[in-house]
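# Overview (structure and organization)
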Amino acid sequence: MHLRELLDHLLQQAAAATGAEWHSADEHHVSISRTVVLAHHCIESFTESLRKEIGVESNFVVGFEGVALYRNDGKTRTFLGLRVGVGKRSLLQLTQRADSVMQEFRQRTFYKDPSFHMSFTWTVGEIPAAVEPKLLGTLNEFLKEYLVENPDCCTFHTLALQVKTGDKVHLCPLKTS
């Protein structure tokens, strides 16, 4: 089973456990900043500032260690994500660098105590609090067993960061070690 199959299996388990309709995330990523709105004329200088800040950090490995439940700020959606285990310190350093650029452009910085994760499925609204512990227990037990047999499935070498501006993706390469 590859990552996509693993995520599909976890989604199916979530649907069975909650009775909710869960949807696959369109794309998979680990965020180090909030989504912000920039004036069109600021995009190029913003992206260049990020490249300069981020480019001094070395590439690194990210590994996922468990499943966690998240809610958006408006509590209109609930997400399941794979929590980052290996690579948290590197992501925190990158977040601090991205935050300095956010401040330069008068934007909101990232969360004070970030929980780095890759969302893989979502549902509308909130799931009942009573369901949450059993759901996470089931999903984490499956993931734990899966990772014993497939230890490299959820480990990735991070060489660059992507910055999305509208329909464009800008690469911010990391320093090679």
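Provided above is the structure to which this section pertains.
For clarity, every value in this text was computed on a predicted model and none was experimentally measured. (Residues numbered from 1 in each chain as written. Predicted model: local features only at pLDDT ≥ 70, side-chain atom pairs only at ≥ 80, totals over all residues. Heavy atoms only, no water.)

In contact at an axis separation of 10 Å, helix H1 (residues 3–18) and helix H4 (residues 132–149) are set at 155° when each is read in the N-to-C sense. With respect to each other, H1 and H4 are oriented roughly antiparallel. Crossing of H1 over H4 shows right-handed handedness. For the pair H1 and H4, the contacting residues are Leu 6, His 9, Leu 10, Gln 13, Ala 14, Ala 17 and Thr 18 in the first and Leu 135, Thr 138, Leu 139, Phe 142, Leu 143 and Tyr 146 in the second. In terms of residue class, the contact of H1 with H4 is built from 9 nonpolar, 4 polar and no charged. (Axes fitted to C-alpha atoms, helices over the stretch in contact; angles between N-to-C directions. Helix = DSSP H or I, 4+ residues; strand = E, 2+ residues; numbered from the N terminus. Parallel < 35°, antiparallel > 145°, perpendicular 65-115°, else oblique. Left-handed = near helix turned anticlockwise from the far one by under 90°. Contact = heavy atoms within 4.5 Å. Nonpolar A, V, L, I, M, F, W, Y, C, P; charged D, E, K, R; others polar.)

Attention now moves to the sheet that holds strand E4 (residues 117–124). Sheet strands line up and pair through hydrogen bonds in the backbone, either parallel or antiparallel. Within the open sheet, the 5 strands sit side by side as E1-E4-E3-E2-E5. Their pairing is antiparallel. Of all the strands in the sheet, the pair left with one neighbour each is strand E1 (23–24) and strand E5 (155–158). Pairing geometry for strand E2 (residues 60–71) and E5, over 4 bridges, is antiparallel. Among the inter-strand pairings, Val 62 is bridged to a residue of E5, identified as Phe 156. Where H1 meets the sheet, its contacts fall on E1, E2, strand E3 (77–86), E4 and E5, and the angle it forms with E4 comes to roughly 35°. In the packing of helix H3 (residues 88–104) onto the sheet, contacts are made with E2 and E3, and the angle to E2 comes to roughly 80°. (Pairing = 2+ DSSP bridges.)

Turning to its location among the elements, Thr 47 is positioned in helix H2 (residues 43–54). Separated by 104 residues in the primary sequence, Thr 47 and Pro 151 have C-alpha atoms spaced 35 Å apart. The contacts of Thr 47, once residues within four sequence positions are left out, are Thr 165 and His 170.

Looking now at the state of the cysteines. Disulfide: a covalent bond formed between the sulfur atoms of two cysteine residues. Inspection of every chain in the model, using the stated rule, returns 0 disulfides. Here Cys 42 is not cross-linked by a disulfide; its sulfur's nearest cysteine counterpart is in Cys 172, at 16 Å. There is no disulfide at Cys 154, and the cysteine sulfur nearest it, in Cys 153, is 3.7 Å away. (Disulfide = S-S within 2.5 Å.)

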